[in-house]
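Summary of structural features
As a plain string of letters, each chain reads:
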Amino acid sequence: MFDAFDKGVRPEASHRREEEWGRLVRREMRSSDGAFRPDASAATGMAFRDVLRHVHTREAPCEGHGPADLRQLNQQLLRVLNACHEVDTARRRLMGGLNAQQILKDVGDLLNARGERAVRPSPERRRLVAMMQDLWCSVDMAMALWDSAGRYFTRLTRLLPAQLDANGVGFVPVAPDEIDRLALEVQRLGEASARTPDGYCHSASDRFALARAAYLQAVTDWEQAQRRWARASRVRQQAEPGVHLGARGALVFAKAVSDQEWQRSNLLMREAHASMASHALYAVALQLPRHLGLS
């Protein structure tokens, strides 16, 4: 009866969503800081790996082969990956919020068509309006995040955010034996200490231990977010028939839609964070270019 949540694909059903998307695309066409024009000649629909290859090729002539150069290259690729995930997550959050917003509007229109609008709004209708306002705030936040992420992405890659395709891989956990292999590789490298952003000096082994702990926590958070989203999806599915039972049933369904979108947004963020934590393991081991198929 109602639109399913999008999976990163642009919705087509709502004129409102068409207008919002048009605003985003027009905003992307402006240069981020005026210092240079984005490389609009690059292909559209670029996967994350295509963007990484684009940046890697552009900066390859300046690349060295010493430990410091390799560390710098791995950190640069890590920044590009982070920018890709930020754009992709913000875009998916925005599209999901617009879709949920449209569903709640459809519920309100359905109640109006039944003549259930009284002279004085009912408690159910007031709660429905409050949920729609919350979704408006969520959409506005996602749009601001998209704008910020897009500007950073363009500065870093000289590409437009619209040229980035949706992440078709998602988060894939790293096998335990692969983590052990990376740990051995770090020990073999025997890098000298390096100063981290917190001001302390850590050996490569110390940095890898920190990265592994962060990765394991990110996986736990992602798994919990998956379970919460699955529960919210089941509740939404069970609540949909209640739309036919009057204002109270429609309100239960609207709340289920809103809750599902909140959990979906959280899952998208946790998935991106876990992906970045896994990439960080390879970056510490100076193997991110090889892992990404760039060398």
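Reading the values: the criteria
- Residues numbered from 1 in each chain as written.
- Predicted model: local features only at pLDDT ≥ 70, side-chain atom pairs only at ≥ 80, totals over all residues.
- Heavy atoms only, no water.
- Phe/Tyr/Trp six-rings, centres within 6.5 Å; stacked < 30°, edge-to-face > 60°.
- Helix = DSSP H or I, 4+ residues; strand = E, 2+ residues; numbered from the N terminus.
- Buried < 20%, exposed > 50% of the residue type's maximum accessible area, 1.4 Å probe, protein only.
- Axes fitted to C-alpha atoms, helices over the stretch in contact; angles between N-to-C directions.
- Parallel < 35°, antiparallel > 145°, perpendicular 65-115°, else oblique.
- Left-handed = near helix turned anticlockwise from the far one by under 90°.
- Contact = heavy atoms within 4.5 Å.
- Nonpolar A, V, L, I, M, F, W, Y, C, P; charged D, E, K, R; others polar.

**With respect to the packing of aromatic side chains**
Describing an aromatic ring pair means giving the distance of the ring centres and the angle of the ring planes. Applying the stated criterion across every chain, the model contains 2 aromatic pairs. Aromatic side chains F171 and Y215 sit 6.4 Å apart centroid to centroid with 55° between the ring planes, which places their arrangement in the tilted category. Remark: Y215 occurs in helix α6 (residues 204-239) and F171 occurs in the loop between α4 (123-157) and α5 (176-189); sequence separation between them is 44 residues. Since its relative accessible area comes to 7%, F171 is described here as buried. For the pair F171 and W222, a centre-to-centre distance of 4.7 Å together with 80° between the ring planes defines the contact as edge-to-face.

**So, the packing of α5 against α6**
α6 packs onto α5 with a crossing angle of 160° between their chain directions and a minimal axis gap of 9 Å. Considering their axes alone, α5 and α6 lie roughly antiparallel with respect to each other. Considering how the two elements wind past one another, α5 and α6 form a crossing that is right-handed. In this structure, α5 contributes I179, D180, L182, A183, V186 and Q187 to the contact, and α6 contributes A204, S205, F208, R212 and Y215. When grouped by side-chain class, the residues that make up the contact of α5 with α6 number 7 nonpolar, 2 polar and 2 charged.

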